[in-house]
Amino acid sequence: MNNIYKINNNQVEVYNLIPKEREIAQFTTSELLKFNEDERVLIEEPTKGWFTTRKGVIFECGSFILRKSKNKELAFNNELLKRFIENKLRTERLVARDNLYYLVPDIYQAPNHNIRLTKDLFLELLLKQKDYSNPHLQEEDLSSIKDLFTIDQLLATISLDELTKIYNFLNDDTNALEEQMTYLEDSTKVFKKLQ
């Protein structure tokens, strides 16, 4: 279940955040079309220092490069993108480096193949993963993706006092309550952007 939380009058309200899968698939397709075909999947390779070829390099750091796909890789890439659009691809992690956004698929599904994302697609995936504390969700305008989700019925309400008692009773970790409160506050900020 995809929950989103809202602090309201000393209460934590729990709502169901429902992704609109059909709209998300259409949105994903249109966002991927903003890149040239050879730039939709970036191939990660170790850097070879002075011997690293510069042709097709999109990103470079001390340990690896991300380069455009070659023609012989496009058939595999198209299948990978199809699985991504159909939500059948496991994500290892989402990465933002300067103005470059990409998804690293599970290594067993596509070793060294990273799906390039637009900023809006990156934000949609963060929201789908309930990464409410992510600085991108906290700082960016979400108006371009908010119609891809429905905030459904109120599922539960718990007072902040009760939540504090529960955390103090169940956790020896003194930071657990503070971390949970930060997460709830971050979720509340995202909730307000989606209304």
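Just so it is clear, the model here is predicted, and its values are computed rather than measured.

1. Details of the sheet that holds strand β5 (residues 64-67)
Consideration 1: With respect to topology, 6 strands assemble into an open sheet ordered β4-β5-β3-β8-β7-β6, the strand pairing being antiparallel. Of all strands in the sheet, those bounded by a partner on one side alone are β4 (57-60) and β6 (91-97). If you compare each strand with its neighbour and ignore which way they point, the axes differ by 30 degrees on average.
Consideration 2: Alignment of strand β3 (residues 41-46) against strand β8 (residues 113-117), held across 3 bridges, turns out to be antiparallel. Bridge pairing in β8 links Leu42 to Asn114.
Consideration 3: Along the sheet face, helix α2 (residues 74-85) touches β3, β7 (100-105) and β8 and points at about 60 degrees away from the line of β8.

2. Side note on the nonpolar core
Consideration 1: Within the largest apolar cluster, 33 residues are counted, with the highest numbers of intra-cluster contacts made by Ile4, Phe84, Leu103, Ile115, Leu117, Leu127 and Val190.
Consideration 2: When residues of this core are traced back to their parent elements, those giving at least two are β2 (11-19), α1 (21-32), β3, α2, β7, β8, α3 (119-128) and α6 (175-194).
Consideration 3: Sorting elements by how many residues they give to this core places α3 first, with 6 residues.
Consideration 4: Contacts of Val190, omitting those with residues within four sequence positions, involve Ile4, Leu127, Tyr132, Leu137, Gln138 and Leu142.

3. Comments concerning the pairing of β8
Consideration 1: With respect to burial, β8 is a largely interior element, 5 of its 5 residues being buried.
Consideration 2: The pairing of β7 with β8 spans 3 bridges and is classified as antiparallel. Among the inter-strand pairings, Tyr102 is bridged to a residue of β8, identified as Arg116.

4. Concerning unusual backbone geometry
Consideration 1: Backbone geometry at Asn10 places phi at a positive 65 degrees, although glycine is not the residue there.
Consideration 2: One non-glycine residue, Lys130, adopts positive backbone phi at about 60 degrees.
Consideration 3: Residue classification places Lys130 among the partly exposed positions, given a relative accessible area of 28%.

5. Here's the deal with the pattern of salt bridges
Consideration 1: Using the criterion set out here, one finds 11 salt bridges in the structure.
Consideration 2: One salt bridge connects Lys165 with Glu162, and the closest N-O pair in it is separated by 3.6 Å. Of this pair, Lys165 and Glu162 both sit in helix α5 (residues 160-170), 3 residues apart, which is roughly one turn of the helix.
Consideration 3: The class for Lys165 is exposed, based on a relative accessible area of 53%.
Consideration 4: Salt bridges sharing common partners tie together Glu39, Lys68 and Arg116.

6. Notes on the packing of α5 against α6
In a pair of packed helices, the angle between the axes and the distance between the axes together describe the arrangement.
Consideration 1: For the pair α5 and α6, the least separation of the axes is 9 Å and the interaxial angle reads 145 degrees. α6 is crossed by α5, and the crossing has right-handed handedness. Side by side, α5 and α6 meet where Leu160, Leu163, Thr164, Tyr167 and Asn168 of the first sit next to Ala176, Leu177, Gln180, Met181 and Leu184 of the second.
Consideration 2: For the contact of α5 with α6, the per-class residue count stands at 7 nonpolar, 3 polar and no charged.

The rules we used
Counting restarts for each chain, with residues numbered from 1 along the sequence as it is written. Where local features are concerned, this predicted model is filtered to residues with pLDDT of at least 70; where side-chain atom pairs are given and counted, the filter is 80 or more; whole-chain, interface and lining totals use all residues. The basis for every side-chain value is the complete set of heavy atoms in the structure, and neither hydrogens nor water enter the calculation. Two strands pair if DSSP finds at least two bridges between them. Secondary structure elements follow DSSP: runs of H or I no shorter than four residues count as helices, runs of E no shorter than two count as strands, and numbering proceeds from the N terminus. Here the axes come from fitting lines to C-alpha atoms, over the contacting stretch only for helices, and the angles between their N-to-C directions go from 0 to 180 degrees. Every residue pair with non-hydrogen atoms within 4.5 Å of one another is taken to be in contact. For this analysis, a nonpolar core means a set of buried residues of the types Ala, Val, Leu, Ile, Met, Phe, Trp, Tyr and Cys, connected via side-chain atoms within 4.5 Å. Throughout, exposure labels follow a simple rule: accessible area from a 1.4 Å probe, protein chains only, divided by the maximum for the residue type, with under 20% read as buried, over 50% as exposed, and the rest as partly exposed. A side-chain nitrogen of Lys or Arg and a carboxyl oxygen of Asp or Glu constitute a salt bridge if their distance falls within 4 Å. Handedness of each helix crossing follows the sense of rotation of the near helix against the far helix: counterclockwise by less than a right angle gives left-handed, clockwise gives right-handed. Amino acids outside the nonpolar list (Ala, Val, Leu, Ile, Met, Phe, Trp, Tyr, Cys, Pro) and the charged list (Asp, Glu, Lys, Arg) are all regarded as polar, and Gly is one of them.

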